[in-house]
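Chain residues, written in single-letter form:
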Amino acid sequence: QTPEEILHHLQNIVDFGKHVMKQFFGENYVHHGEIIQLPLDFVRQLCLKVQPERPESRCDKDMDTLSGYAMCLPNLTRLQTYRFVEHRPILCIEIKPKCGFIPFSSHVSQEIKHKVCRYCMHQHLKVANGKWKRPSKYCPLDLFSGNKQRMHFALKSLLQEAQNNLKIFKNGELIYGCKDDQDCISDWNELARHLKPFFFPSNGLVSGPHCTRTIVKELIHVITMTLLSSTDACRAGDMKTVPVSQGRSYCEASAFNKELIRNGKHKLESSGLPRGCLLYKTLQAQMLDMLDIEGLYPLYSRVEQYLEEFPEERSTLQIDGPYNEAFYEKLLDLSTEDDGTVAFALTKVQQYRIAMTAKDCSIMIALSPCLQDECSEQRPVVLTSKSRFTFSVSVLDLDLKPYESIPHQYKLDGKIVNYYLKNVQAKDDPVMSSLFKENEDCTLVLHKV
């Protein structure tokens, strides 16, 4: 790409954050950054310096060392909402929550998609492909439920099997999480050693498994409280997408759900999220995917066909930007009645791209201990049994998902569902599994009807 094209691409990323995602998430949560120019010599040195630190899976991607343009963004492992004493220790938890609802679209062809969430199905395919060693018990629907018991279970599952959905930083250094596909640092005792000064500053807790459990419990409590807190208002907070109640509020594959059924309870409580919290806003943006990829793909094909006939219309349709107020306004049309026009198809395609972006974003929670007299009204504070933290919550990875990736998403969706139906659901069918439990050999008995 030419330097001009790179500048245009970066400008699009900044504008998208500023004019679109800020409307969905709110001023305090989104840091869109700014474009700066750097001396090429500095960029080359930087490239050499970071190369040995990069995980293997990222080494096939090159840093742009030719244009001299870069994006300057805040370090989100630090507190963002106000200037704070910098020498204070800072803890930061990064969570990639993934998609928090089950498709409610009538275009869904496989019934399993109305029962089991995409994340839980995808886990099995990822393990089969060797990306992870074992499936995680984390289910996004538990985290997005607003029910504290389910949220605690989801966060504990993330801590047990972090994959690339959870990382913990202390003073900007990664202390817990995955550095590469299989290389997971998941020693809770080591984590507890790092966290003890934050949660039990007076050292009143002896070491050992009880101590570790207590500290992990405190961490989960703090994360839950910050995720449910509301520190920002935004226009899309009042946006009516589809009420979560229209879809199923739990996933049949969730380990929490299975545990309930094992204990003879069949009611999964969903308390609902407070309207102002970041999880609620994330879910609202995700639910712009109203048709599911199966309903969207024919509309994408309609736009593609139109572009083949009229390629010069691509810029008029704003497929590659500019991402401005006008682009945002079009996203607010939530009708699902197809009138056969290219305009309708394009609106649904753009809404789907926003939803995909929200399904793949990361939430950063930065925490710093504060003394009672320091915690003024202006700063959000969360309390634990022995300490108090001032905190900031931010969202990152908000680059708009490419228009061109839709066919890939369509194919991947089919792969995930087919693998799950073939290899997992067949084994999980309760009638079948009880027959096979005693002995692999079985007898088929035919009754006269």
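A short tour of the structure in this document, coming up. Keep in mind that this is a model prediction, so the values were computed, not measured.

1. Examining the overall build of the chain
Right, on to step 1. Each helix and strand counted, the chain has 14 helices and nine strands in total.
Right, on to step 2. Taking all 449 residues of the chain together, the buried fraction comes to 46%.
Right, on to step 3. Within the chain, residue pairs in contact and separated by at least 24 positions form 75% of the contacts whose partners lie at least 6 positions apart.
Right, on to step 4. With the model as given, the accessible surface of the chain reaches about 23400 Å², and the carbon-plus-sulfur share is 52%.

2. Let's talk about the pattern of salt bridges
Right, on to step 1. As enumerated under the stated definition, the model contains 16 salt bridges in all.
Right, on to step 2. The salt bridge involving R118 is made with D413; its shortest N-O contact spans 3.4 Å. With a gap of 295 residues between them, R118 in helix α3 (residues 118-128) and D413 in helix α13 (residues 406-428) connect regions that are remote in the sequence.
Right, on to step 3. Members of the salt-bridge network, linked through shared partners, are K113, R118, D292, E294 and D413.

3. Section: the packing of aromatic side chains
What characterises a pair of aromatic rings is the spacing of the ring centres plus the angle enclosed by the ring planes.
Right, on to step 1. Following the criterion strictly, the structure yields eleven aromatic pairs and no others.
Right, on to step 2. Both rings, one in F24 and one in Y328, keep their centres 5.6 Å apart while their planes meet at 75°; by these two values the pair is edge-to-face. Highlighted residues: F24 in helix α1 (residues 3-25) and Y328 in helix α11 (residues 325-330), separated in sequence by 304 residues.
Right, on to step 3. Seen from their ring centres, Y297 and Y410 are 4.1 Å apart, and the 0° between their planes marks the pair as stacked. Residue Y297 is located in helix α10 (residues 292-309), and its partner Y410 is located in helix α13; the two are separated by 113 residues in the primary sequence.
Right, on to step 4. Under the relative-accessibility criterion, Y297 is labelled partly exposed at 24%.
Right, on to step 5. Here the aromatic residues Y297, Y300, Y403 and Y410 are joined through ring pairs into a cluster of three or more.

4. Here we look at the pairing of strand β7 (residues 362-369)
Regular strands place their side chains on alternate faces of the sheet.
Right, on to step 1. Here β7 lies mainly inside the structure; seven of its eight residues are buried.
Right, on to step 2. Where strand β3 (residues 91-95) meets β7, five bridges bridge the pair, whose relative direction is antiparallel. Each bridged residue has a counterpart across the sheet, and for C92 the counterpart in β7 is A366.
Right, on to step 3. The sheet contact formed by β7 and strand β9 (residues 388-396) spans eight bridges and is antiparallel.

5. A short note on the pairing of strand β4 (residues 166-170)
Right, on to step 1. When β3 meets β4, the two strands line up antiparallel, connected through five bridges. Looking at the pairing, I95 lines up with L166 of β4.
Right, on to step 2. Of the pairings in the sheet, the one linking β4 to strand β5 (residues 173-178) comprises four bridges and is antiparallel in character. Within the sheet, the bridge partner assigned to I168 lies in β5 and is Y176.

6. What about empty space enclosed by the protein?
Right, on to step 1. Taken as a whole and judged by the stated rule, the model has two cavities of 30 Å³ or more.
Right, on to step 2. Volume-wise, the largest cavity comes out at about 40 Å³.
Right, on to step 3. Here the lining of the largest cavity is built from residues that sort into five nonpolar, no polar and three charged.

7. As for a nonpolar patch on the surface
Right, on to step 1. A grouping of F42, L46 and M63 is seen on the molecular surface, where their side chains present a nonpolar patch of about 240 Å² in accessible area.
Right, on to step 2. Mapped onto the elements of the fold, L46 is located in helix α2 (residues 40-50).
Right, on to step 3. Classification of L46 by relative accessible area gives partly exposed; the value is 34%.

8. Some remarks on unusual backbone geometry
Right, on to step 1. A cis amide bond links G321 with the next residue in sequence, P322, at an omega value of -5°.
Right, on to step 2. On the secondary structure map, P322 appears in the loop between α10 and α11.
Right, on to step 3. In this model, K98 sits at a positive phi of 65°, which is unusual for a non-glycine residue.
Right, on to step 4. Note that K98 resides in the loop between β3 and α3.
Right, on to step 5. Residue class for K98 comes out partly exposed when judged on its relative accessible area of 22%.

What counts as what
Residues numbered from 1 in each chain as written. Predicted model: local features only at pLDDT ≥ 70, side-chain atom pairs only at ≥ 80, totals over all residues. Heavy atoms only, no water. Helix = DSSP H or I, 4+ residues; strand = E, 2+ residues; numbered from the N terminus. Buried < 20%, exposed > 50% of the residue type's maximum accessible area, 1.4 Å probe, protein only. Contact = heavy atoms within 4.5 Å. Areas by Shrake-Rupley, 256 points an atom, 1.4 Å probe, with all protein chains shown as cover. Salt bridge = Lys/Arg side-chain N within 4 Å of Asp/Glu carboxyl O. Phe/Tyr/Trp six-rings, centres within 6.5 Å; stacked < 30°, edge-to-face > 60°. Pairing = 2+ DSSP bridges. 1 Å grid on protein atoms, 1.4 Å probe; cavity = no way out; pocket = protein on both sides within 12 Å on 5 of 7 lines; lining within 4 Å. Points joined across faces, edges and corners; volume = space filled by probe spheres on them. Nonpolar A, V, L, I, M, F, W, Y, C, P; charged D, E, K, R; others polar. Patch = residues over 30% accessible without salt bridge, like charges linked within 9 Å, V, L, I, M, F, W, Y side chains within 5 Å.

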